[in-house]
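Architecture at a glance
One-letter residues, chain by chain:
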Amino acid sequence: MLDWLETTGDFLMGTALSTLSVVGLGPDTPPRYQMDTFLAGLEQGCEISSDLGVFWEQLVADGTIIVPADAGGYFSEAQIAVREDHRELRVPVEGIWMGQEVAAISVIAGIDNGYSSIGVVFAPGQQGLDAAMAPLAAQSDATMQADPDNLVGASAVYGTFDGEPQYICDFSN
């Protein structure tokens, strides 16, 4: 009796997908956001680009996500976990940085302490990920350690943390 509903549902789903294609969410839209400009400098002494700085500041201030206009569709809503002495803010993203798939941007913000870090969380299981990111983090860390203005001992590290490959810039003091 309701056989038509299944066919109609398929038709409506096809129409919705076709409409999304027309408004820019179809096959011409890159599947991942190219993040090299957004994250520019992170691999060079943990320099923070102006776009990343605005993103980080606003995320920590009130959980709002501010990204360049062409990036909005690739970022998801912030996930915020409050711990005893810090907040963990995680923003899922479908991105590419330095040729590697990015799964999220992670921020640690201390509560009445000096904890402060930003990290790039990569999609696990990528071939060549460790070989690409470990030397970048080591060079970035060496640059910061050699900087006489690095009074707080900021550092960079790449590794697997909480089961996820991450490139982290730690500014904690």
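A regular strand carries its side chains on alternate faces of the sheet. Buried residues dominate strand β7 (residues 164-170), accounting for five of its seven residues. Across five bridges, the pairing between strand β5 (residues 116-122) and β7 is antiparallel. Bridge assignment links Ile-118 to a residue of β7, and that residue is Cys-169. Sheet topology note: the strand β6 (residues 155-161)/β7 ladder contains seven bridges and is antiparallel. Within β7, the residue paired with Val-157 across the bridge is Ile-168. Adjacent in sequence and paired antiparallel, β6 and β7 are bridged by two residues, among which Asp-162 carries a positive phi angle near 50°.

What follows concerns the packing of aromatic side chains. The geometry of two aromatic rings is summed up by the distance between their centres and the angle between their planes. Under the counting rule described, the total for this entry stands at nine aromatic pairs. The interplanar angle of 65° and the centroid separation of 5.8 Å between the aromatic rings of Phe-38 and Phe-75 together place this pair among those described as edge-to-face. Taken together, the residues span a long stretch of sequence, with Phe-38 in the loop between β1 (33-34) and α2 (50-62) and Phe-75 in the loop between α2 and β2 (79-82) at a distance of 37 residues. Considered together, Phe-38 and Phe-75 belong to a single accessibility category, that of buried residues. Taken together, a centroid distance of 6.2 Å and an interplanar angle of 15° make the contact between Trp-97 and Phe-122 stacked. One end of the pair, Trp-97, is in strand β3 (residues 86-97); the other, Phe-122, is in strand β5, with 25 residues separating them in the sequence. Aromatic rings pair up to connect Tyr-33, Phe-38, Phe-55, Tyr-74 and Phe-75 into one cluster.

Tracing the sequence through the fold places Glu-88 in strand β3. Every residue in contact with Glu-88, bar those within four places of it in the chain, is listed here: Gln-79, Ile-80, Ala-81, Arg-83, Val-107 and Ile-108. Of note is the side chain of Glu-88, whose polar atom sits 3.1 Å from the side chain of His-86.

Calculation notes
- In every chain, residue numbers begin from 1 and rise along the written sequence.
- The model is predicted, so local features are restricted to residues of pLDDT at least 70 and side-chain atom pairs to those at 80 or more, both for listing and for counting; the totals for chains, interfaces and linings are taken over all residues.
- Side-chain numbers come from the whole structure's heavy atoms, not from hydrogens or water.
- When accessible area is computed with a 1.4 Å probe and restricted to protein chains, residues below 20% of their type maximum are described as buried, those above 50% as exposed, and intermediate ones as partly exposed.
- Think of it this way: any DSSP run of H or I at least four residues long counts as a helix, any run of E at least two long counts as a strand, and we number them from the N terminus.
- Strand pairing is assigned whenever DSSP detects at least two bridges linking the two strands.
- When two rings of Phe, Tyr or Trp (its six-membered ring) have centres within 6.5 Å they constitute a pair, described as stacked for plane angles under 30 degrees, edge-to-face for angles over 60, and tilted for the intermediate range.
- Pairs of residues are marked as contacts when any of their non-hydrogen atoms sit within 4.5 Å.
- Two N or O atoms count as a polar contact when they lie within 3.5 Å, although within protein this holds only if one can serve as hydrogen donor and the other as acceptor, and sequence-adjacent residues are included solely when both atoms are side-chain atoms.

It is worth stressing that arrangement in space is one thing and function is another; only the former is reported here.
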